[in-house]
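A look at the structure
So you can see what is in the structure, the chains are spelled out below.
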Amino acid sequence: MSAKESFKNRRLTLMSLAQVRDKPKVRQAAGYALNFILGFAMSCSVVMTNLAPFGIGIVGRAGAEASGIFCLLGACLAYIFVGGFDWGIKYVATITLVFTVSFVFRETQLIKKGWFMPLVVSILTAITSFLNTFEFIDSFPDAVSVFSEVVLAGASCWFFAQALTPEKEAGEQAERRQAIGILVLFSCLLMSLTSVTVANVVSVGRFFSLLVVLTAAYKGGMLPGCAAGTVLGIAMDMAAGGDIFFVMAYSFAGLIGGVFSKHGRLLFLLSYIIANTVAVLWTWGVQLRLELMFEVFAATVIFALIPETLLEYVGGIARLPSAGTGESGLRYYAAARAERISSAFRELYGTVFRSINGGQNDSDVAMVFDRAAETVCASCKHKQSCWQRDFMDTLAIMNDATEPMLRRGKLEKEDLAERFVEKCPSHYSFINAVNAELRALMYRRQFKSRLNENRAAAYGQYKELADIIEGVAKELTSAKGADPLAERRLRRFLRTMDIDADVSVFRDNRGRLRAIVESGRLGPLLRQGNYLEVISNVLGVRLCKLQNEDEISDRRLVLVEAEPLVASVGIAGLKKKGEPVSGDRGTYFKTDQGILCVILADGMGSGEDAAKESINAVRTLEGFLRAGIAPAVAMKILNSVLLLKNGEEWGYSTIDLMCVDLFTGETCFYKYGAAPSFVKSGKVIRRVRGESLAAGICAGEGSAPDIVRMRLKPGNLALIASDGVMVEKNDAWLREILIKSDGTDTKTLAKDTLRCAVRQYGCEDDMTVLAIRVDERV
């Protein structure tokens with residue numbers, strides 16, 4: 001058989017074993033066997049010469065189900081097997097009582113409390129220990145022995161529950177409790193193996209304890225090595241029942257080994273052996289514990305043969321969490337948003353800024369006659385008579401002519417008194433000069449009005465800018481911040497792939513998880529086709545890539561929490577008959593915040609000019625929305641842009657904006673003079689319309705867009721159309737289309753709506769339809 005065929009057969013065998021393992025009955029049988037083994041092993045752990053409280057603790061944790069029965073059987077056999085009937089009958093009675101209480105309260109809420117079973121175990125252990133220690137009617141039990149057994153039984157029940165019960169809501173505190181519980185459980189298992197020896201020299205329990213201390217010191221350093229040595233050393237001393245020795249030797253060796261953990265495995269092992277040798281020599285005058293040296297030698301040899309990848313994976317549990325970089329990642333995220341906002345405002349500045357210089361323009365109507373007189377009457381021989389000697393009469397004549405002149409818009413001969421016309425030889429020139437100055441006055445007034453309107457729009461942008469900066473400030477203060485637990489999990493996983501990376505995992509102000517991985521070699525990870533699924537499993541959150549492909553490279557990977565909702569959008573459009581291009585512009589995109597934005601702009605008129613207006617409007621609005629600016633603020637900014645632009649280059653546009661939060665389904669429609677939209681939920685169709693004028697017409701308080709809020713659920717449809725489609729108020733034909741359509745194909749729905757609109761109204765205007773459907777992510 002060739003090597004290739006052998007490998008194929010082994011692979012098929014492993015796959016078949018995996019399929020067998022996943023069968024419910026096999027998993028159930030494995031659970032029963034595991035509970036039996038745990039009950040037997042914990043009952044074999046004897047401390048302080050004749051105490052075995054851990055079997056009681058594991059039975060208390062097992063509960064009253066079938067798995068608890070197997071755990072009870074294993075514990076009963078072990079107690080009789082280890083100490084005989086006379087010694088074991090007390091423990092058999094205790095665990096039987098514990099199982100009985102668990103069975104009686106199995107359907108109550110009380111047993112679900114974390115403190116209930118540890119308390120029951122402690123009380124029943126105290127009662128049976130108290131009764132078992134009586135020798136005569138007037139004697140009292142050994143208080144130290146009873147107290148120790150009660151505390152150890154109750155505490156072990158609580159720690160075993162933490163180790164073996166999965167947390168519903170994983171958090172850093174829960175993971176820490178579970179890690180401590182697993183360490184206690186593992187220590188108790190090793191205590192049961194201390195009496196098992198190889199060649200009557202090497203204790204199996206102490207051998208595995210040394211491997212754990214070696215791994216913790218090598219991968220975690222001084223503190224984890226010393227901590228693991230202290231815990232396991234206490235366990236081994238309790239199991240030995242003699243003088244305190246192993247806790248000193250294990251913790252000292254873990255501390256010294258941790259100092260040399262960064263200097264290679266060989267130097268680390270030598271320092272560990274030397275530290276244990278020193279610990280043995282310290283007992284020279286009391287009792288020389290040479291068995292430790294044999295166990296240390298065996299453990300160091302096996303440790304030297306363990307692959308580095310396995311040590312990296314197992315040792316990651318013992319490694320102290322390093323200072324997370326999530327906060328710096330959050331600052332990077334906020335800085336990037338601020339930079340995009342700055343770029344959007346810079347583009348706005350270049351779009352609307354123009355210098356307007358002009359002298360002082362007096363708009364007083366009296367100046368019309370004064371300036372005309374300066375032009376016509378300067379060289380007249382009657383100047384002194386009209387404007388000095390008879391000034392009051394001339395002023396009265398001009399005042400009487402002002403009202404009809406302003407009403408008509410120009411001065412005519414009959415507006416002046418007959419005596420003035422007869423006296424003035426240049427009255428025709430005077431009338432023409434007055435009309436010229438009047439036209440100039442009207443132009444100045446119109447310019448001033450337009451200037452004030454532009455100023456109102458420009459000054460309004462300061463408020464919008466303040467809103468934007470306030471939003472960024474709120475985001476920085478309300479962001480959830482770094483997630484050290486997720487960072488530690490992701491860093492641990494990357495190290496198993498031999499990738500040393502800077503990891504930032506944090507949640508933004510909307511609670512969306514973001515993971516940033518920076519490393520010099522991300523190739524091994526990215527070459528895995530299912531790396532998104534793998535990292536999602538590591539973090540416990542479904543992740544996806546950003547739409548911007550620049551965020552993924554061999555050195556930087558940015559992933560975000562996937563939205564629970566997805567949206568499909570279909571677009572159909574038709575230009576006006578006889579025009580080269582359509583004046584409508586529709587687009588859609590998803591922002592980094594997980595919000596779907598659908599925009600439809602209809603430039604006033606048709607053809608290339610209208611197309612230019614709508615394209616510029618969509619481009620400006622999209623830039624602000626992608627930068628994370630609130631849609632209402634972005635719409636107001638667009639309105640100001642249209643007001644400030646030169647009317648000959650950019651006119652007015654109707655704007656329809658729909659924003660759907662793909663995490664919650666919250667939806668907002670923003671309208672500037674746009675045609676009604678329609679939303680279908682089940683068989684109910686809702687018409688969404690606004691009253692505001694097109695963008696670029698109003699400034700000041702009346703410039704806000706119409707806003708309609710609602711929540712879309714999976715299966716809901718929305719339809720947005722330009723005014724070429726919704727010509728009349730009669731929308732029965734469109735409602736009929738929505739009722740008949742299931743909306744699974746939004747592109748077909750948009751095309752069908754457009755064809756029906758053409759049959760209804762023809763192609764007398766540009767026509768655009770956007771259909772949107774929201775569904776759950778599969």
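Given the structure is predicted, the values throughout are model-derived calculations rather than measurements.

Turning next to unusual backbone geometry. Of note, the phi angle at aspartate 498 is positive, near 60 degrees, even though the residue is not glycine. Note that aspartate 498 resides in the loop between helix 20 (484-496) and strand 4 (502-507).

As a further point, take a nonpolar patch on the surface. On the surface, a cluster of nonpolar side chains totalling about 710 Å² of accessible area is made up of Met222, Leu255, Val259, Phe260, Leu266, Leu267, Leu270 and Ile274. For the nonpolar patch, the elements supplying multiple residues, two or more each, are helix 10 (246-259) and helix 11 (265-282). Sorting elements by how many residues they give to the nonpolar patch places helix 11 first, with 4 residues. Residue position: leucine 255 is located in helix 10. Under the relative-accessibility criterion, leucine 255 is labelled partly exposed at 33%.

As a further point, take the sheet that holds strand 11 (residues 653-661). Spatial strand order, 9-10-11-12-15: 5 strands in an open sheet with antiparallel pairing. In this open sheet, the two strands that pair with only one neighbour each are strand 9 (584-590) and strand 15 (706-711). Within the sheet, the average angular offset between the axes of one strand and its neighbour, ignoring direction, is 10 degrees. Bridge analysis of strand 10 (residues 595-603) against strand 11 gives 9 bridges, and the strand direction is antiparallel. The residue bridging aspartate 602 from the neighbouring strand is threonine 654, located in strand 11. The sheet contacts of helix 23 (residues 607-626) involve strand 9, strand 10 and strand 11, and relative to strand 10 the element is tilted by about 160 degrees. Sheet contacts for helix 24 (residues 631-644): strand 11, strand 12 (666-672) and strand 15; angle to strand 12, the most-contacted strand, approximately 15 degrees.

Attention now goes to the sheet that holds strand 13 (residues 677-681). Within the open sheet, the 5 strands sit side by side as 8-17-16-13-14. Their pairing is antiparallel. Of all strands in the sheet, those bounded by a partner on one side alone are strand 8 (565-574) and strand 14 (684-688). Going from strand to strand, the sheet's axes swing by 15 degrees on average, the running direction of each strand aside. In terms of strand pairing, strand 8 meets strand 17 (residues 767-776) through 10 bridges, oriented antiparallel. Considered in strand 17, the bridge of serine 568 is made with arginine 773. Where helix 25 (residues 732-740) meets the sheet, it contacts strand 13, strand 14 and strand 16 (717-721), and its direction lies at approximately 30 degrees from that of strand 13. Across the face of the sheet, helix 26 (residues 746-761) comes into contact with strand 8, strand 16 and strand 17 while running at roughly 30 degrees to strand 8.

When the charged atoms of two side chains lie near each other, side chains of opposite charge can form a pair. Throughout the structure, instances matching the rule amount to 23 salt bridges. Notably, a salt bridge pairs arginine 408 with glutamate 412, separated by 3.8 Å at the nearest N-O pair. According to the relative accessible area criterion, arginine 408 is partly exposed, its value standing at 37%. Take glutamate 412: its relative accessible area is 23%, and that puts it in the partly exposed class. Residue arginine 507 is joined to glutamate 561 by a salt bridge in which the shortest nitrogen-to-oxygen separation is 3.2 Å. Placement of the pair is arginine 507 in strand 4 and glutamate 561 in strand 7 (residues 556-561), with a sequence separation of 54 residues. For arginine 507, a relative accessible area of 25% corresponds to the partly exposed category.

All right, on to the confidence of the model for the protein chain then. In this model, the protein chain carries a mean pLDDT of 80, and residues with pLDDT of at least 70 account for 81%. When the elements of the protein chain are averaged for pLDDT, helix 1 (residues 3-21) gives the smallest value, 52, and strand 12 the largest, 94. Every residue in residues 135-140 scores below 50 in pLDDT, and together they form 1 contact with partners more than four places removed in sequence or on other chains.

The subject of this paragraph is the pairing of strand 4. Sheet analysis places strand 4 next to strand 5 (residues 513-518), joined by 6 bridges and oriented antiparallel. Opposite valine 503, over in strand 5, you have valine 517 as the bridge partner. In this antiparallel pair of consecutive strands, strand 4 and strand 5, the connection spans 5 residues, and glycine 511 shows a positive phi of 85 degrees.

Now for helix 3 (residues 54-62). Since the α-helix packs 3.6 residues into each turn, any two residues three or four apart lie on the same face. Within helix 3, 8 of the 9 residues are buried, which leaves it mostly tucked inside the rest of the structure. For helix 3, the set of buried residues is Phe54, Gly55, Ile56, Gly57, Ile58, Val59, Gly60 and Ala62. Positive backbone phi, approximately 85 degrees, marks glycine 63, located one or two places after helix 3.

Between helix 8 (residues 204-220) and helix 10, the least distance of the axes is 9 Å, while the angle of their chain directions is 30 degrees. In terms of their interaxial angle, helix 8 and helix 10 are classed as roughly parallel. Here helix 8 and helix 10 pass one another in a crossing that is right-handed. For the pair formed by helix 8 and helix 10, the contact residues are Arg206, Ser209, Leu210, Val213 and Ala217 on the first element and Phe246, Tyr250, Gly254, Gly257 and Gly258 on the second. For the contact of helix 8 with helix 10, a count of residues per class yields 5 nonpolar, 4 polar and 1 charged.

Each value, and the rule that gives it
Residues numbered from 1 in each chain as written. Predicted model: local features only at pLDDT ≥ 70, side-chain atom pairs only at ≥ 80, totals over all residues. Heavy atoms only, no water. Helix = DSSP H or I, 4+ residues; strand = E, 2+ residues; numbered from the N terminus. Patch = residues over 30% accessible without salt bridge, like charges linked within 9 Å, V, L, I, M, F, W, Y side chains within 5 Å. Areas by Shrake-Rupley, 256 points an atom, 1.4 Å probe, with all protein chains shown as cover. Salt bridge = Lys/Arg side-chain N within 4 Å of Asp/Glu carboxyl O. Buried < 20%, exposed > 50% of the residue type's maximum accessible area, 1.4 Å probe, protein only. Pairing = 2+ DSSP bridges. Axes fitted to C-alpha atoms, helices over the stretch in contact; angles between N-to-C directions. Contact = heavy atoms within 4.5 Å. pLDDT = per-residue confidence, 0-100. Parallel < 35°, antiparallel > 145°, perpendicular 65-115°, else oblique. Left-handed = near helix turned anticlockwise from the far one by under 90°. Nonpolar A, V, L, I, M, F, W, Y, C, P; charged D, E, K, R; others polar.

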